[in-house]
Each structure stands twice: as structure tokens, then as C-alpha cells.
Amino acid sequence: MQVSQIKFIQEHLKQRRLYTGLIDGSAGPMTMRALEQAEHLPADWPNTRKLAAYVQLTAKREGIEVGLIDGIWGPQTQHAYDSLVHKANFGALPRPWRDLPPLGNPNNWPRENSGDFNSLYGPPGDSRLTRIQLPYPHRLAWDKRKVVNSFVCHKAVHDSLKRVLGRIHDHYGDDEIRRLGLDL
């Protein structure tokens, strides 16, 4: 975990009056005691996992989607952390990247948990899957050394997904895609 991330956690704990130590970016005994007072986390988790879980729980309380509170620092936790830092610096969460309100539903995709959804995608475990060849290499977010050139998706989204990824590649090119993390 980076020093700046630990400092952020220490500052947050200090604001909650749980931490009285230095904001030094070192997750020492005082920091960990304050964190354990703040949250009830599994005792067998290593400190780095507890620190990541604290960020996840803090983000969740702020209404930021973090997924499972698992103490694993991945892309979703990084986004949550970046959003929390933005709020600390500017007083508000960053604007979402999506258009608000949504532009609509140009592909007429059915709403989740509807009869139309199940008739299009089939019941869970249905085998309407197909392989998509990616227009540029992707890396696994959890192991960036591993590269994939294809993956499996549902037949109903195959053409749309291929079109979107092709437009991303045409617009940004390989170097910018990698810089922006659009290959993860």
C-alpha cells in the first residue's frame, strides 16, 4: 500500500477522533488500533487487507460502489479511493463519466430481472455464449502480466461489444488505451 493511501486513512481516522498519532504514512500499531476501533474486520487479515477494507467501507458509506468488502485493492477499490480523495480535496465526489441523464437505450436492451431479460439471455447457466476476438490486447486487472486476445460473452452482446471496442481502438490507439487503462 502506498504511503499517500495510508496517510489518507490516518487523516480520515483522525477526523473521526480515533487516531492521535502522526500522519506519517506508516501503518504502525497506533494506526491499526484506530482502524480496529473504527471497523470490525477479520482478525486473521493482514494489515494491508484491513487498510484496503477500511477504504472500501468508507467509500460505501459515501455511496460509492465498491462491490464486495474483501480488503483486496483492485481497480474498483482504486476508483473508490480516487473518488474519496477528490471529495476531500474539492468537497464533492467527482462527476460520473456517464451522461446524466442517460442517453436512453439505443440497443433496446431489456431491464434486468424482467421477463424480456430472461427471454433474451436465457436462464442462469444457459449456454448462449460465444468467443469475441478483441481488437487490441487486454491485460488481466489482477495480473497485468497476463494478456488476453479474446474472451467469452453472451451472443446477444457480441456484435455491440465488438463495435464499441473497435471504436475505442480507432479513437485512442494502442499507446493511449494502455495509458488510460482501457486494456484492463
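Visitor: Explain the overall build of the chain here, please?
Guide: When its secondary structure is counted, the chain shows six helices and two strands. When the helices and strands of the chain are placed in sequence order, the string is α-α-α-α-α-β-β-α. Its C-alpha atoms give the chain a radius of gyration of 21 Å, clearly above 16 Å, the size a compact globule of 184 residues would have. Projected onto the principal axes, the alpha-carbon positions of the chain cover approximately 55 × 40 × 35 Å. A buried classification covers 29% of the 184 residues belonging to the chain. Sequence-distant contacts, at least 24 apart, represent 37% of the contacts inside the chain between residues at least 6 apart. Here the chain displays about 12,600 Å² of accessible surface, and carbon together with sulfur accounts for 52% of that area. Of the side-chain charges in the chain, 25 are positive and 20 negative, and the distance between the mean point of each set is 2 Å.

Visitor: Quick question: what am I supposed to make of a nonpolar patch on the surface here?
Guide: Together, Tyr172, Leu180 and Leu182 line one region of the surface with nonpolar side chains, adding up to about 240 Å² of accessible area. Tracing the sequence through the fold places Leu180 in helix 6 (residues 155-180). Classification of Leu180 as partly exposed rests on a relative accessible area of 39%.

Visitor: Would you take a moment to explain unusual backbone geometry for this structure?
Guide: Both trends apply: most residues other than glycine have a negative phi, and most peptide bonds are in trans. In this structure, Arg17 takes a positive phi of about 60° despite not being glycine. When you line up the elements, Arg17 lands in the loop between helix 1 (3-15) and helix 2 (29-38).

Visitor: Even after reading the chapter, I still don't get helix 1, so can you show me in this structure?
Guide: An α-helical turn contains 3.6 residues, so a residue and the one three or four places further along point in the same direction. An ideal rise of 1.5 Å per residue puts 18 Å on 13 residues; helix 1 measures up with 18 Å between its terminal C-alpha atoms. Along helix 1, the residues that are buried comprise Gln5, Ile6, Phe8, Ile9, Gln10, His12 and Leu13. In this structure, the buried side of helix 1 is in contact with helix 2, helix 3 (47-61) and helix 4 (75-90). Looking one or two residues beyond helix 1, the residue adopting positive phi is Arg17, at roughly 60°.

Visitor: Looking at this model, I keep getting lost on the packing of helix 1 against helix 2. Mind explaining?
Guide: Axes are the key here: two packed helices are described by the angle between their axes and the distance separating the axes. The N-to-C vectors of helix 1 and helix 2 enclose an angle of 55°; their axes lie 10 Å apart at closest approach. The orientation of helix 1 relative to helix 2 falls into the category oblique. As for the relative orientation of helix 1 and helix 2, their crossing is left-handed in sense. Across the interface between the two elements, Ile9, Gln10 and Leu13 from helix 1 touch Thr31, Ala34, Leu35 and Ala38 from helix 2. Partitioned by chemical class, the residues of the contact of helix 1 with helix 2 number five nonpolar, two polar and no charged.

Visitor: Just to check I follow, could you spell out the environment of Met1 for this structure?
Guide: Turning to its location among the elements, Met1 is positioned in the segment before helix 1. Of the residues examined, Met1 reaches a relative accessible area of 37% and is grouped as partly exposed. Residues Met1 and Asn47 lie 46 residues apart in sequence; the distance between their C-alpha atoms is 9.8 Å.

Visitor: Is there a simple way to think about the packing of helix 3 against helix 4 in this case?
Guide: One can describe the packing of helix 3 onto helix 4 by two numbers: an axis separation of 9 Å at closest approach and a directional angle of 60°. For the crossing formed where helix 3 meets helix 4, the hand is left-handed. In this structure, helix 3 contributes Ala52, Val55, Gln56, Thr58 and Ala59 to the contact, and helix 4 contributes Thr77, Ala80, Tyr81 and Leu84. Of the residues assigned to the contact of helix 3 with helix 4, the class counts are six nonpolar, three polar and no charged.

Conventions used here
- Throughout, a residue's number is its position along its own chain's written sequence, starting from 1.
- In view of the model being predicted, local features appear only for residues whose pLDDT reaches at least 70, and side-chain atom pairs are presented and counted only at 80 or more, with totals across whole chains, interfaces and linings using the full set of residues.
- To obtain the side-chain values, all non-hydrogen atoms of the structure were used and water was disregarded.
- Only DSSP runs of H or I covering at least 4 residues are called helices, and only runs of E covering at least 2 are called strands; the numbering of each starts at the N terminus.
- A radius of gyration in this sense is built from C-alpha atoms; the matching globule rule multiplies 2.2 Å by the number of residues raised to 0.38.
- Only protein chains enter the calculation, and the probe is 1.4 Å; a residue is then buried if its accessible area is under 20% of its type maximum, exposed if over 50%, and partly exposed in between.
- Note on contacts: a residue pair qualifies if any of its non-hydrogen atoms lie within 4.5 Å across the two residues.
- For accessible areas, the Shrake-Rupley method is used with a probe of radius 1.4 Å. Any residue's cover is judged against the shown protein chains and nothing else.
- In this tally, Asp and Glu contribute negative charge and Lys and Arg positive charge; neither His nor the terminal groups of the chain are included.
- By convention, the charge on Lys lies at NZ, on Arg at CZ, on Asp at CG and on Glu at CD.
- Note on patches: the residues involved have over 30% relative accessible area and no salt bridge, like charges join within 9 Å, and the nonpolar side chains Val, Leu, Ile, Met, Phe, Trp and Tyr join within 5 Å.
- The working definition used for a salt bridge is a side-chain nitrogen of Lys or Arg within 4 Å of a carboxyl oxygen of Asp or Glu.
- Working rule for helices: expected span equals 1.5 Å times residues minus one.
- Angles run from 0 to 180 degrees between N-to-C directions of axes, and those axes are lines fitted to C-alpha atoms, restricted for helices to the stretch in contact.
- Here roughly perpendicular refers to angles of 65 to 115 degrees, roughly parallel to angles under 35, roughly antiparallel to angles over 145, and oblique to all remaining angles.
- In this scheme, a crossing is called left-handed if the near helix is turned counterclockwise away from the far one by less than a right angle; it is called right-handed if the turn is clockwise.
- Put simply, Ala, Val, Leu, Ile, Met, Phe, Trp, Tyr, Cys and Pro go in the nonpolar bin, Asp, Glu, Lys and Arg in the charged bin, and everything else, Gly too, in the polar bin.

These figures capture arrangement, not role.
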